[in-house]
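So the chains spell out like this:
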Amino acid sequence: MRAAVLRGGTVEARSIEDPVPGPGQLLVRSLACGVCASDLHFMDHPEAGAGDDSGMSTYDQDVDIVMGHEYCAQVVDYGPDTERRIPVGTRVSSLPVLTTAAGRRIIGQNPEAPGAFGEYFLLTEAITRVVDSDLPSEIVCVADAISVGWSTASRARVTPKEVPLVIGCGAIALSAIARLRSLGVGPIVAVDFVASPRATALAMGADVVVDPAEVSPYRAWHDVAHGPVGSMKDMMAPPGQPGCVVFECVGVPGVLDSIIKGCERGTRIFSVGGPPEGDHLHTLTAKRKGLNIQFGGGPSMAHWDEAFEAVCSGGLDVTPMLGGAGTVGLDEVPAALEAARDANGPARIVVVPGSCDG
């Protein structure tokens, strides 16, 4: 098969061997796959994969790795010990985890679990879901990106006495905003330096967007939650006033620490960004402010299913995240990965392995 292959820090499209399904696995054809920021983090920071003692995410620069974990696919064949409950030809997707004899592997982030930037890849039958929708595969594949922010916003359990502040307006933030809106939470304040992601945040359900180069996000949040402030000393919320729930969705060193130093007392912080190189936090400041910080992790199966159903049913419109961008073929994946670094671009670029390249 042809695939966009990561090796030694670079990606190129070439021919490699077809994957062979093992026990409990399905062989599927990739129909569409989103380019995710975690693909960039994975290829830019091999030390993070090398330091993963779970074995789920492993970056060996001397072997071929096929990335791509936000996919819509089509069943082609079955491995041994499968129930074969999903007919060949059916469109499917799944949480991007492959169960192997050696343990669980993240699809697209491990040599043993090739991803959907190739013509074929493998899925775990037990967690594979049928696409019950007429929507294009290019839309359906966005469901996995939605599931991360969806899960975070669901777990946050924002109350009517809290006002969310979303830092960063990338795909995870946009999905968190969409989920908060579906839960009836608001007003939602979203923050980004770049105008186009702020516009997308409004389209996905944010009520107020903020350019932090022009105004402090925390002052802007206070103006929304409590009314305009006269001085920074007024930013401590009086008893009974709305509290702040911050969603950190940037993943750049220093951002979480800036939230710790800038937010008001008693803030709840959900950090989903997670810079691969780690970060330094002023924990004494967090202690003095009585902050509650929770780190993300992947979505639960239940939350993934909810997000998948919301996208497939059309209940959640994800087209603003695509920004009118066309699809790319395998030969264009290296350029698409570079384009994904551009903050002015769409939240998602979609790879269609079967399309004509060039």
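Throughout, residues of each chain are indexed from 1 in the direction in which the sequence is written. Totals for whole chains, interfaces and linings use all residues, but because this is a predicted model, local features are given only for residues with pLDDT of at least 70 and pairs of side-chain atoms are given and counted only at 80 or more. The side-chain numbers reported here are obtained from all heavy atoms of the structure, hydrogens and water having been left aside.

Hey, could you run me through the sheet that holds strand β12 (residues 189–191) in this one?
Strand-to-strand pairing in sheets goes through backbone hydrogen bonds, with the strands running parallel or antiparallel. One bridge is not enough; two strands pair if DSSP finds at least two bridges between them. Comment: elements are numbered from the N terminus, with helices defined as DSSP H or I runs of at least four residues and strands as E runs of at least two. What the 6 strands build is an open sheet, ordered β13-β12-β11-β14-β15-β16; its pairing is parallel. Each of the sheet's edge strands pairs with one partner strand only, and the pair in question is β13 (208–210) and β16 (292–295). Across the sheet, the axes of successive neighbouring strands diverge by a mean angle of 20°, strand direction being ignored. Pairing between β12 and β13: 3 bridges, direction parallel. Paired with Val189 across the two strands is Val208, which belongs to β13. Whether two residues are in contact is decided by their heavy atoms, any of which lying within 4.5 Å being enough. Where helices are involved, their axes are fitted lines through C-alpha atoms of the stretch in contact, as for all axes, and angles between N-to-C directions lie from 0 to 180°. The strands touched by helix α5 (residues 171–182) within the sheet are β11 (162–167), β12 and β14 (243–248), with β11 carrying the most contacts at an inclination of about 160°.

What is the right way to read the pairing of β11 from this model?
The side chains of a regular strand alternate, residue by residue, between the two faces of the sheet. To sort residues, take the accessible area from a 1.4 Å probe on protein chains only and compare it with the maximum for the residue type: under 20% means buried, over 50% means exposed, and anything in between is partly exposed. Of all 6 residues in β11, 6 are buried, a share of seventy percent or more. Going residue by residue along β11, you find Glu162, Pro164 and Val166 tucked away on one face and Val163, Leu165 and Ile167 tucked away on the opposite face as well. Relative to β14, β11 is paired through 6 bridges, and the arrangement is parallel. When the sheet's bridge partners are listed, Val166 is paired in β14 with Phe247. Bridging between β11 and β12 involves 3 bridges; their strand directions are parallel. Looking at the pairing, Leu165 lines up with Val189 of β12. Assessed by its sense of winding, the connection that carries the chain from β11 through α5 to β12 is right-handed. With its strands directed away from the observer, a crossover is right-handed exactly when the path from the first strand over the helix to the second travels clockwise.

Please clarify how the sheet that holds strand β2 (residues 10–15) should be interpreted in this entry.
Spatially, 3 strands are ordered β2-β1-β4 in an open sheet, and the strand pairing comes out antiparallel. Either end of the sheet is taken by a strand with one partner, and the two such strands are β2 and β4 (65–66). Direction of pairing for strand β1 (residues 2–7) relative to β2: antiparallel, over a ladder of 6 bridges. Residue pairing in the sheet places Leu6 in a bridge with Val11 of β2.

Sorry if this is basic, but what is going on with the pattern of salt bridges here?
Note that side chains of opposite charge can pair when their charged atoms are close. Salt bridges are identified by distance alone: a Lys or Arg side-chain nitrogen within 4 Å of an Asp or Glu carboxyl oxygen. Counted by the stated rule, this structure contains 14 salt bridges. Linking Glu112 and Arg105 is a salt bridge whose minimum nitrogen-to-oxygen distance equals 3.4 Å. As a salt-bridge pair, Arg129 and Asp305 come within 3.0 Å of each other at their nearest N and O atoms. Remark: Asp305 occurs in helix α10 (residues 301–313) and Arg129 occurs in strand β10 (residues 128–130); sequence separation between them is 176 residues. One continuous salt-bridge network, built from bridges that share partners, spans Arg7, Glu12, Arg14 and Asp64.

Read these as spatial facts, not as claims about activity.
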